[in-house]
Amino acid sequence: MFALHEALNTLVGLLVIVNPMLGVSALATLTSDDAPAQRRATSRMAALTVGVVMSCSALAGEAILRLFGIGIPQFQVGGGILILLMAVAMLNARMGDASNTTEEAGEAKDQAQIGVVPLG
């Protein structure tokens, strides 16, 4: 019973982090003008990118944090503060500080591997 609880806890955590519904809508928006074969290639690249990043984080994440002198509790506090700041910005209905020009948007649309950034 305990193993099932741990497995469900891990699955829910991964679903929250990966957020596949947001990924599907972003993929549909960013590849709306592409052919079906190009859409499949982009979705495969995004899935591969997510898999590689999550595998590296799982295998070497703690070692990387130790390299920088960061413990898991400090990482959790930092993540909590980041989420708090995002929530406060949402409550105040402020737009983010990041902005882009129409030229940058055109360049982003023309990128060969949008499956890595921003989708992955």
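Figured I'd write up the structure that's included with this text. (Residues numbered from 1 in each chain as written. Predicted model: local features only at pLDDT ≥ 70, side-chain atom pairs only at ≥ 80, totals over all residues. Heavy atoms only, no water.)

1. Focus on the overall build of the protein
Point 1. A tally of regular secondary structure across the protein gives five helices and zero strands.
Point 2. Helices (α) and strands (β) of the protein occur, in sequence order from the N terminus, as α-α-α-α-α.
Point 3. Here the protein holds 120 residues, and 8% of them are scored as buried.
Point 4. Partitioning the intrachain contacts of the protein with sequence separation of at least 6 by distance along the chain shows that 72% fall at a separation of at least 24.
Point 5. Accessible surface for the protein amounts to roughly 9800 Å². Of this, 70% is attributable to carbon and sulfur atoms. (Helix = DSSP H or I, 4+ residues; strand = E, 2+ residues; numbered from the N terminus. Buried < 20%, exposed > 50% of the residue type's maximum accessible area, 1.4 Å probe, protein only. Contact = heavy atoms within 4.5 Å. Areas by Shrake-Rupley, 256 points an atom, 1.4 Å probe, with all protein chains shown as cover.)

2. Side note on the side chain of Thr42
Point 1. Note that Thr42 resides in helix H3 (residues 36-67).
Point 2. Excluding residues that lie within four positions of it along the chain, Thr42 makes contacts with Leu27, Thr31, Ile114, Gly115 and Leu119.

3. Structural notes on a nonpolar patch on the surface
Point 1. A cluster of nonpolar side chains, namely Met1, Leu4, Leu8, Leu11 and Leu15, defines an oily patch on the protein surface of about 560 Å² accessible area.
Point 2. Looking at where Leu4 falls in the secondary structure, it is placed in helix H1 (residues 2-18). (Patch = residues over 30% accessible without salt bridge, like charges linked within 9 Å, V, L, I, M, F, W, Y side chains within 5 Å. Salt bridge = Lys/Arg side-chain N within 4 Å of Asp/Glu carboxyl O.)

4. Remarks on unusual backbone geometry
Point 1. Backbone geometry at Asn19 places phi at a positive 50 degrees, although glycine is not the residue there.
Point 2. With respect to the helices, strands and loops of the structure, Asn19 is situated in the loop between H1 and helix H2 (20-30).

5. Considerations on helix H4 (residues 72-91)
Point 1. The end-to-end C-alpha distance of H4, which contains 20 residues, comes to 28 Å, matching closely the 28 Å that a straight helix rising 1.5 Å per residue would cover.
Point 2. Within H4, only zero of the 20 residues are buried, leaving the element largely exposed.
Point 3. Of the residues one or two after H4, Ala93 is the one with positive phi, at around 55 degrees. (Expected span 1.5 Å × (residues − 1).)

6. Notes on H1
Point 1. The end-to-end C-alpha distance of H1, which contains 17 residues, comes to 24 Å, matching closely the 24 Å that a straight helix rising 1.5 Å per residue would cover.
Point 2. Two residues or fewer past H1, Asn19 is found with a positive phi of approximately 50 degrees.

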